[in-house]
Amino acid sequence: MSSTAEQPIRVLVVEDDPVAADAHVMYVGRVPGFTAVGKAHTGAEARRMLDRTPVDLLLLDLHLPDVHGLQLARSLRAAGHHTDVIAVTSARDLTVVREGVSLGVVQYVLKPFTFATLRDRLVRYAEFRGAAGEASGQDEVDRALARLRAPGPAALPKGLSGPTLERVTGALRGSDEGLTAAGVAETVGISRITARRYLEHLVDSGRAGRAPQYGQVGRPELVYRWVRESERGR
């Protein structure tokens, strides 16, 4: 990473959810070469902070209570702010992604995400930002731009499929109390053994937790619960 301890990359977290904002500030602080200079819960608050605080990078939630994140980015450009932006959003509209590119959005991070995901994006951003001098040719330009791109998704364990994993994930995220493998199997329409394999994969990747459920006759049954974003990385 090219940033030094004397001049860390200054990040402003813009997120309307106070719990998520605190988590994002904590995440930024755990990445060497970065420092969180503050947090804002609205677009108006972000603009005020940018007017008085030097900021290199916005970690910007797109759904703010007073303005859409891309509208905020557009107004900042018009006002002469050239801060880079990593967009944080649960939206998956590729039209929004394309629009963001023209407004200085260098990365997108989809909610919910883990500390490891954000760390990877920040490290790649720092490497891109640290590239200096004149490129010797097209290959070097391509390598500089490639630093911003995340690696391809990790391959799923043999026998697991992406669409089924999405359905299992959706079922688990939609249950506040958690689900057993039998409950997931019934909800998704797969066998209990298959549901257990997907659930264990989510546990191994840090996206779900499990705990025994007591109080019933016989062996306790494992209950799986989606791990919320603010609980990860603790």
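From a predicted model like this one, the values you see are computed outputs, not experimental measurements.

**Quick notes on the overall build of the chain**
So, point 1. A tally of regular secondary structure across the chain gives nine helices and seven strands.
So, point 2. Here the chain, with 234 residues, has 40% of them falling under the buried criterion.
So, point 3. Expressed as a percentage of contacts within the chain between residues at least 6 apart in sequence, the contacts between residues at least 24 apart total 60%.
So, point 4. Of the roughly 12600 Å² that the chain leaves accessible, carbon and sulfur atoms contribute 52%.

**With respect to the sheet that holds strand β2 (residues 34–40)**
So, point 1. Pairing is parallel across the open sheet formed by five strands, whose spatial order is β2-β1-β3-β4-β5. The sheet terminates laterally at β2 and β5 (105–110), the two strands that pair on one side only. Direction aside, the axes of adjacent strands within the sheet are offset by 20 degrees on average.
So, point 2. Bridge count between strand β3 (residues 57–61) and strand β4 (residues 84–89): five bridges; the pairing is parallel. Counterpart to L57 in the pairing with β4 is D84.
So, point 3. Against the sheet, helix α2 (residues 43–52) makes contact with β1 (9–14), β2 and β3, and its axis sits at roughly 130 degrees relative to β2, the strand it touches most.

About the thresholds
Residues numbered from 1 in each chain as written. Predicted model: local features only at pLDDT ≥ 70, side-chain atom pairs only at ≥ 80, totals over all residues. Heavy atoms only, no water. Helix = DSSP H or I, 4+ residues; strand = E, 2+ residues; numbered from the N terminus. Buried < 20%, exposed > 50% of the residue type's maximum accessible area, 1.4 Å probe, protein only. Contact = heavy atoms within 4.5 Å. Areas by Shrake-Rupley, 256 points an atom, 1.4 Å probe, with all protein chains shown as cover. Pairing = 2+ DSSP bridges. Axes fitted to C-alpha atoms, helices over the stretch in contact; angles between N-to-C directions.

On their own, these measurements won't tell you what the molecule is for.
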